[in-house]
Amino acid sequence: MDWVTRAADDAVRHAGEGNLVTVASGASPSGPIHLGNLREFITPHFVAEELRRRGVPVRHLHSWDDYDRFRKVPAGVPAEWAEHIGRPLTAVPDPWECHDSWAAHFKAPLQESLRQLGVEMEEVSQTEMYTAGAYREQVLLAVSRRDEIEAVLARHRTKKVAPAEDASDQEAADLADSVANDDEAPAPSAGGDDAIARFPYRPYCRECGRDTVTTTAYDDATTTLSYTCSACGFSGTTDLSTDTDGKLVWKVDWPMRWAFEKVNFEPAGRDHMTPGSSYTVGTEIAPSIFDWRAPARVIYAFVGFAGVQKMSSSAGGVPTATDALRVLEAPMLRWLYVRRAPTQAFDIDFGPAVVRLYDEWDALGRKAADPEKADVATLAWHRASATASAGTLPTPAVPVPFRTLSSVADVTAGSAALISRIVESSGFPHASVDDLEPRLTKAMQWTAEHVPASERTTVRETPDTARLSSLSEDEELWLRIFLDRLPDDGDLDEVTAVVYGTPKVARGLGFDDAPTDEVKADQKDFFRLLYNLLVDADRGPRLPTLVLALGTEKVRRLLGA
Ligand SMILES: [Zn+2]
Ligand SMILES: [Zn+2]
């Protein structure tokens, strides 16, 4: 039994047997949504998939917290965007001018990645919900019972302990940022009216659109709220029964939506689980004010990254799903998230570990094909590989190992003809370039974007005449044998035999003889010589692959024939 099974059981128990189950996620499109935040979306997705598998009616509701305020101007954005601080994310223009708003700019790439990942959600915009008055009844309810709400908030405020262990870590804080805002009103200044200063609803200023407002009065009889705006000086009123220009503060907004959408399961980041956090407070407010029991949940840990130093990530060094999908097949990215419990932190490594990850994935796929070997690991493979509505997600028709494709990509500079010739001679005789996709493209992108230049292969243009004129006796002999035996149109097996067999022949053995210790030592020296002469390095991609990629003619020329 894996975490998905347990979470699905919890969700059904919360909803009650036979009822529609609502699993939910929420995120603020305030910036790039990176791989850590992806857990917010993908955790309920797997739970929904498990329920679909069981035939339980389920919906995955995703709330875009796009009515949240724009909080700060990030690096790389013109300084004049500071004038938009305090406005809803949907009201802030897109500095890159490719979308309707700031919010749309950051939703779009994630939506595309989720589509590739087979994650289907019912998306709800909080801007649309609030401005349409969808929550009017709930807003009026919260406001009329603001004293009870404040009593809960106050109790947790005094209990609030030192920040969680990670709060000092800027990265962790930023991670928390884009999932949810915590916009509780600041403590009132001395002599201020507590009840008004901590009002659970905050309007956006009618004049300038910012939330830089101070509530000055509220009339329960007329539901009229009076405020002044510190940014533009406007003083005015808004009628909560008819106007729709504000929102509940986050700690009230979240439990309100659990009730409104009848949420049965929702994951939350670890930052929401500290004393006094929005989840803790929401757990009390939901039943007492909105008549809904807090949903079943899992707490998810952070996702870290390695091997991204050289990557020009859209998220300023913190990779997004878009970045990961340039390197990993969609089922593999899903697998990274489903194979571990959400409570486990993990790193995604974009460096050399990618090659091993592909090997591990391919091996698991072979195991999963045998029902006799079914276990938790193969269950994760199946969960990662297909969804109820998308079916099996794209994988290559011919699964050539990633390590082969990446070294082929390295030495062929992306030539389709060469790639197909090498792959064909590597034991995949009927593989067209199309059969290698989507893996081939990812191997090419990984090689170009994550393999440092010092480890890339640079094929020599001209023979190294200095090296060739100072060969030792052994080296001369090896080259003579090699050039003599190298077939003009050989396949990978034939070329491999010549590469490994040359030092054997030089010692009087045959190609098929087992190598002696002397031969093994010679092979090392001979291979280095070939790398020196072909790619100006002491090592490189597998030599048979390299020889095939360069073609016999070029190899002969560089070896001085
Ligand atoms: Zn844009
Ligand atoms: Zn204003």
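Residues numbered from 1 in each chain as written. Chains lettered and ligands numbered in written order. Predicted model: local features only at pLDDT ≥ 70, side-chain atom pairs only at ≥ 80, totals over all residues. Heavy atoms only, no water.

Where an unreviewed UniProt entry is consulted, the protein appears under the name Lysine--tRNA ligase, with the organism given as Nocardioides zeicaulis. A UniProt comment under Sequence similarities (unreviewed entry) is attached to the protein, and it reads "Belongs to the class-I aminoacyl-tRNA synthetase family." (UniProt positions renumbered as here; feature names shortened; annotations may be inferred.)

### Some remarks on the coordination of the zinc ion (ligand 2)
Distances from the zinc ion (ligand 2) to its protein donors, namely Cys-205 (SG), Cys-208 (SG), Cys-229 (SG) and Cys-232 (SG), fall within the range 2.2 to 2.3 Å. Coordination at the zinc ion (ligand 2) is tetrahedral, judged from the four donor atoms that bind it and the angles of 102 to 116° they form at the metal. Taken in sequence order, the residues that donate to the zinc ion (ligand 2) follow the motif C-x2-C-x20-C-x2-C. Owing to a relative accessible area of 4%, Cys-229 belongs among the buried residues under this scheme. Looking at Cys-232, the relative accessible area reads 35%, which means it is partly exposed. (Donors = N, O, S within 2.8 Å, 3.2 Å for Na, K, Ca; no water. Tetrahedral: all angles 85-135°; square planar, octahedral: opposite > 155°, others 65-115°. Buried < 20%, exposed > 50% of the residue type's maximum accessible area, 1.4 Å probe, protein only.)

### Examining the packing of aromatic side chains
Tallied over the entire structure, the rule returns 25 aromatic pairs. Relative to Phe-527, the ring of Phe-526 has its centre 6.2 Å away and its plane inclined at 50°; by these criteria the two rings are tilted. On the accessibility criterion, Phe-526 (0% relative accessible area) is buried. Linked through ring pairs, Tyr-67, Tyr-130, Tyr-135, Tyr-204 and Phe-260 together constitute an aromatic cluster. Across the ring face of Trp-335, the terminal group of Arg-339 is positioned such that the distance to the ring centre comes to 4.2 Å. If you follow Arg-485 out to its NZ or CZ, it ends over the ring of Phe-511, 5.0 Å from the centre. (Phe/Tyr/Trp six-rings, centres within 6.5 Å; stacked < 30°, edge-to-face > 60°. Lys NZ or Arg CZ within 6 Å of the ring centre and 35° of its normal.)

### Description of the nonpolar core
Among the nonpolar cores identified, the biggest contains 100 residues, and Leu-35, Leu-333, Tyr-337 and Phe-482 are the most heavily contacted of them. Sorting elements by how many residues they give to this core places helix α21 (residues 517-535) first, with eight residues. Setting aside anything within four residues of it in sequence, one finds Leu-333 in contact with Leu-35, Leu-38, Leu-117, Ala-321, Ala-324, Leu-325, Leu-328 and Ile-348. Formed by 43 residues, the second largest nonpolar core is a distinct cluster that contains Tyr-135, Val-143, Trp-254 and Met-256. (Core = buried A, V, L, I, M, F, W, Y, C linked by side-chain atoms within 4.5 Å. Helix = DSSP H or I, 4+ residues; strand = E, 2+ residues; numbered from the N terminus. Contact = heavy atoms within 4.5 Å.)

### Some remarks on the sheet that holds strand β3 (residues 122-125)
Two strands in a sheet stick together by hydrogen bonds in their backbones, pointing the same way (parallel) or opposite ways (antiparallel). Pairing within the open sheet is parallel, and its three strands lie in the order β1-β2-β3. Pairing within the sheet leaves two strands with one partner each, and these edge strands are β1 (21-27) and β3. On average, each strand axis in the sheet is inclined to that of its neighbour by 25°, with strand direction left out of account. Pairing analysis gives four bridges linking strand β2 (residues 58-64) to β3, with the strands arranged parallel. Considered in β3, the bridge of Leu-61 is made with Glu-122. (Pairing = 2+ DSSP bridges. Axes fitted to C-alpha atoms, helices over the stretch in contact; angles between N-to-C directions.)

### Let's talk about the sheet that holds strand β7 (residues 235-239)
Taken together, the three strands give an open sheet; going across it, the order is β5-β6-β7, and neighbouring strands pair in antiparallel fashion. For this open sheet the edge positions go to β5 (213-219) and β7, each flanked by a neighbour on one side alone. Averaged over all neighbouring strand pairs, the angle between strand axes comes to 25°, with direction disregarded. Bridge count for β5 against strand β6 (residues 224-229) is six bridges, and the pairing is antiparallel. The partner of Thr-214 across the bridge, within β6, is Thr-228.

### Looking at helix α1 (residues 3-15)
End to end, α1 covers 18 Å across 13 residues, agreeing with the expected 18 Å (1.5 Å per residue, within 8%). Residues of α1 that are buried include every one of Trp-3, Val-4, Thr-5, Ala-7, Ala-8, Ala-11, Val-12, His-14 and Ala-15, and no others. Where α1 is buried, its residues touch β1, α2 (38-54), α12 (330-338) and α14 (376-385). In the stretch just after α1, Gly-16 is the one whose phi turns positive, near 90°. (Expected span 1.5 Å × (residues − 1).)

### Side note on the coordination of the zinc ion (ligand 1)
Four donors placed tetrahedrally around a metal ideally meet at 109.5 degrees, and six donors placed octahedrally ideally meet at 90 or 180 degrees. Distances from the zinc ion (ligand 1) to its protein donors, Asp-94 (OD), Cys-98 (SG), His-99 (ND1) and His-105 (ND1), fall at 1.9 to 2.2 Å. Linear spacing of the donor residues for the zinc ion (ligand 1) on their chain is D-x3-C-H-x5-H. Relative accessible area serves as the criterion here: at 48%, Cys-98 is assigned to the partly exposed category. Classification of His-105 as buried rests on a relative accessible area of 15%.

### Focus: the side chain of Thr-545
Here Thr-545 lies in helix α22 (residues 543-550). In contact with Thr-545, not counting residues within four places along its chain, are Ser-407, Val-408, Ile-422 and Leu-492.

### Looking at a negative patch on the surface
Together, Asp-489, Asp-491, Asp-493 and Glu-494 make up a region of like negative charge exposed at the surface. Within the element layout of this structure, Asp-489 appears in the loop between α19 (473-485) and α20 (492-506). Looking at Asp-489, the relative accessible area reads 68%, which means it is exposed. (Patch = residues over 30% accessible without salt bridge, like charges linked within 9 Å, V, L, I, M, F, W, Y side chains within 5 Å. Areas by Shrake-Rupley, 256 points an atom, 1.4 Å probe, with all protein chains shown as cover. Salt bridge = Lys/Arg side-chain N within 4 Å of Asp/Glu carboxyl O. Lys, Arg positive; Asp, Glu negative; His and termini not counted. Charge placed at Lys NZ, Arg CZ, Asp CG, Glu CD.)

### Looking at the environment of Arg-146
Relative to the elements of secondary structure, Arg-146 occurs in helix α6 (residues 146-159). Since its relative accessible area comes to 16%, Arg-146 is described here as buried. Once the C-alpha coordinates of Arg-146 and Tyr-201 are considered, the two residues, 55 residues apart in sequence, prove to be 9.4 Å apart. A distance of 2.7 Å separates a polar atom in the side chain of Arg-146 from the backbone oxygen of Val-143. (Polar contact = N/O pair within 3.5 Å; in protein donor to acceptor, adjacent residues only side chain to side chain.)

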